[in-house]
Amino acid sequence: MGGSGRTALSRRESLVIAASLSTVVLLGAFATGCGSPGVAEVERDLTILNRVSLEPLAPDGDLRYGPSFQGGSWAMPALRVRGVEPIGVLNGEIVDGAGKALGSVSGSPAHLIEEASGTLRADWLGIPIADIAAEPIGSKAPARLHIAFVDETGLRVESQLPVTLVSAESP
Amino acid sequence: MASEWRGRLAMATCVGLAACSAEPLPAEEAPSPTWTSVYDSDSLGSVPLAAWEAGDDVFIVGGGLGNGAASLVLRRHDGAWSRVEADGMDTLWWVFGQAPSDVWMVGERGRIFRWDGRVLADHSYATEATLFGVWAAAEGDAWAVGGSPGKGTAAPNDVVLHWDGTSWKPETLPGAARGEALLKVWGLSKDSVFAVGENGAVWHRRDGVWFDERAAVAAGETLTTVTGCSANEVLVAGGQTVVSSHDSTWTPISIPTTAHVVGAACKGLESDLLLVGTGSLKLFRSGEVWRDETFHEPYGDFHAAWLAPSGDAWIVGGDYFTPAENGQARRGAIAHYGSPTRALPPL
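Residues numbered from 1 in each chain as written. Chains lettered and ligands numbered in written order. Predicted model: local features only at pLDDT ≥ 70, side-chain atom pairs only at ≥ 80, totals over all residues. Heavy atoms only, no water.

Side note on the nonpolar core
Among soluble globular proteins, nonpolar side chains are generally buried collectively. Filter applied, for reference: By nonpolar core we mean a set of buried residues, namely Ala, Val, Leu, Ile, Met, Phe, Trp, Tyr and Cys, connected to one another through side-chain atoms within 4.5 Å. Burial classification: accessible surface area is computed with a 1.4 Å probe over protein chains only, and a residue below 20% of its type maximum counts as buried, one above 50% as exposed, and the rest as partly exposed. The contact definition used throughout considers only heavy atoms, calling two residues in contact when any of these lie within 4.5 Å.
Core analysis: the biggest nonpolar cluster contains 69 residues, and Val73, Met105 and Trp168 of chain B have the highest contact counts within it. Residues in contact with methionine 105 of chain B, not counting those within four places in the same chain, are Phe59, Val61, Val73, Leu92, Trp94, Val95, Arg111, Ile112, Phe113, Trp115 and Leu120 of chain B. Membership of the second largest hydrophobic core comes to 29 residues, among which are Ile48, Leu63, Val84 and Ile127 of chain A.

Side note on the sheet that holds strand E3 (residues 61-68) of chain A
The strands that make up a sheet are held in pairs by hydrogen bonds between backbone atoms, and each pair lies either parallel or antiparallel. Residue and element names in this part refer to chain A. The following threshold applies: Strands qualify as paired when DSSP identifies two bridges or more between them. For helices the rule is a DSSP run of H or I covering at least 4 residues; for strands it is a run of E covering at least 2, with both sets numbered from the N terminus onward.
Spatial strand order, E7-E6-E11-E12-E3-E4-E10: seven strands in an open sheet with mixed pairing. With one partner strand each, in any of the chains shown, strand E7 (101-111) and strand E10 (127-128) form the two edges of the open sheet. Direction of pairing for E3 relative to strand E4 (residues 71-75): antiparallel, over a ladder of four bridges. Paired with tyrosine 65 across the strands is alanine 75, a residue of E4.

Some points on the pattern of salt bridges
Filter applied, for reference: Put simply, a salt bridge is a Lys or Arg side-chain nitrogen that is within 4 Å of an Asp or Glu carboxyl oxygen.
Under the criterion given, the structure shown has 22 salt bridges over all chains. Notably, a salt bridge pairs arginine 111 of chain B with aspartate 90 of chain B, separated by 3.2 Å at the nearest N-O pair. Of the two residues, arginine 111 of chain B sits in the loop between strand E7 (102-107) and strand E8 (112-115) while aspartate 90 of chain B sits in the loop between strand E5 (80-83) and strand E6 (92-99), which places them 21 residues apart along the sequence. For the pair shown, arginine 111 of chain B and aspartate 90 of chain B are each scored as buried. A salt bridge links arginine 291 of chain B to glutamate 293 of chain B; its shortest N-O distance comes to 2.8 Å. Taking the relative accessible area as the measure of exposure, arginine 291 of chain B reaches 30% and is therefore partly exposed. Glutamate 293 of chain B gets classed as buried once you look at its relative accessible area, which sits at 8%. Through salt bridges with shared partners, a single network forms among Arg80, Glu115, Arg121 and Asp123 of chain A.

Points about the environment of tryptophan 52 of chain B
Residues and elements named next belong to chain B. The criterion, for reference: A 3.5 Å cut-off defines polar contacts: any pair of N or O atoms within that distance qualifies, except that in protein one atom must be a possible hydrogen donor and the other a possible acceptor, and neighbouring residues in sequence count only when both atoms are side-chain atoms.
For tryptophan 52, the location among the structural elements is in strand E2 (residues 47-54). For tryptophan 52, a relative accessible area of 3% translates into the label buried. The residues touching tryptophan 52, leaving out its near neighbours within four places in the chain, are Asp57, Val58, Phe59, Val95, Phe96, Gly97, Gln98, Ala99, Pro100, Val103 and Trp306. Of note is the side chain of tryptophan 52, whose polar atom sits 3.5 Å from the backbone oxygen of glycine 97.

A word on the confidence of the model for chain B
This is how it is decided: Known as pLDDT, the predictor's per-residue confidence is scaled from 0 to 100.
For chain B, per-residue confidence averages 89 on the pLDDT scale, and 90% of positions sit at 70 or higher. Per-residue pLDDT stays below 50 along residues 1-26 of chain B; that stretch engages in 27 contacts with residues further than four places along the chain or on separate chains.

Observations concerning the pairing of E6 of chain B
Residues and elements named next belong to chain B. Among the eight residues in E6, six count as buried, and that is most of the element. In the sheet, E6 pairs with E7 via six bridges, with the strands oriented antiparallel. Considered in E7, the bridge of valine 95 is made with methionine 105. The turn joining E6 and E7, which pair antiparallel and follow one another in sequence, is formed by two residues.

If you want it as structure tokens, here you go:
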């Protein structure tokens, strides 16, 4: 399991992509004088990032959780996506090694930042860690992180990753 | 999945509204209120965290939240913005005034300032706790609350301070120490003051005695704000919880959003209510009708709202959730709802 994953397409999503590809084909035809248009493949994926470095979070990589300024215990991964619109909603869930939910966020509105490369980024997604006993700072536990983004057209990208939850003084 | 569809529905509504607003208005109609992004940058290095308006004066406070920026105090007077010098680098979390010449500001490490119309006076209280909220009943009667979130009884918590006209004095809440940070305070009158905070804490001071109303509110999560809506209505909120008290009866309010509510402002529960929070949450309620402007610009994580009697609103926020990162400037956002407003000049 890597830091990114691609999603199986629903019929609706396939139709949307087909429409997008049609547009690409038409534009390509105009650009090349109706020569060989060369259909560009739409890449759609979501990569979970380390919030500080903005580098992909490695499998079993450390994911800090701790109190935010106004309390509560939070994990705050960042993410980068391709092939979707910047406005949508984010869902995130963290489960422990036994599959028990430790925390989740559902339907969090998001307006992703457009990067120079054309990709989109969320600098952080706050996932409240509710169901975990207070652990000493620095203690670690295996877990699995799942994040999904659904854009305003209904296109969905998601990724899941084994992580190491690390209790910290701040997320 | 249901929540995702609600989000899409909200976006579809936005698209519809945007289409309508593009149509020309009849000549006799006033322009519709609109959002103006007054500031959306990291040029101040600070996050604006609270706003308060009275007449021609607007105060906005904030700070760098550990990133090394100076305390932030912005003032708009007669339409012109200026930065008021405040000593130190402590982030100011709240501002509230009785009048443009009597405005309290509180923040990290017990920092308390008072604006008298000309200068800021330092009234700081000796504590390592952060003061998150302040409210004043009169010139000689104000309350500040705070604590050290997430640190329980190992650090200053359950902090309640009272200004009696000469000095700030601590008040001890009844019972054993809870070890909870109190995040906001509001009073319906000098004899009816509410404080809310971590783990759903709700304290109500009636006629000089503090009562624990946590069970009646039953939030089950941290309450980040409390605001008055009328002479006998108060509203507390945080996360997915919004609960109002009308004549001392607490009633939960079902909200049409899955976003995380952080701030609230209202003029009367039967008229205007504005909820703000993470993910650009901007949710109005008028009567029983909700209007979700979350997917309209401006975007950001909003922390607080101020609703003026005119219906105009200020919302502020930015990067106030993530921990400090080695002096990196924080992005901040200030937006105004109402008639178009000038952007913040370089300060």
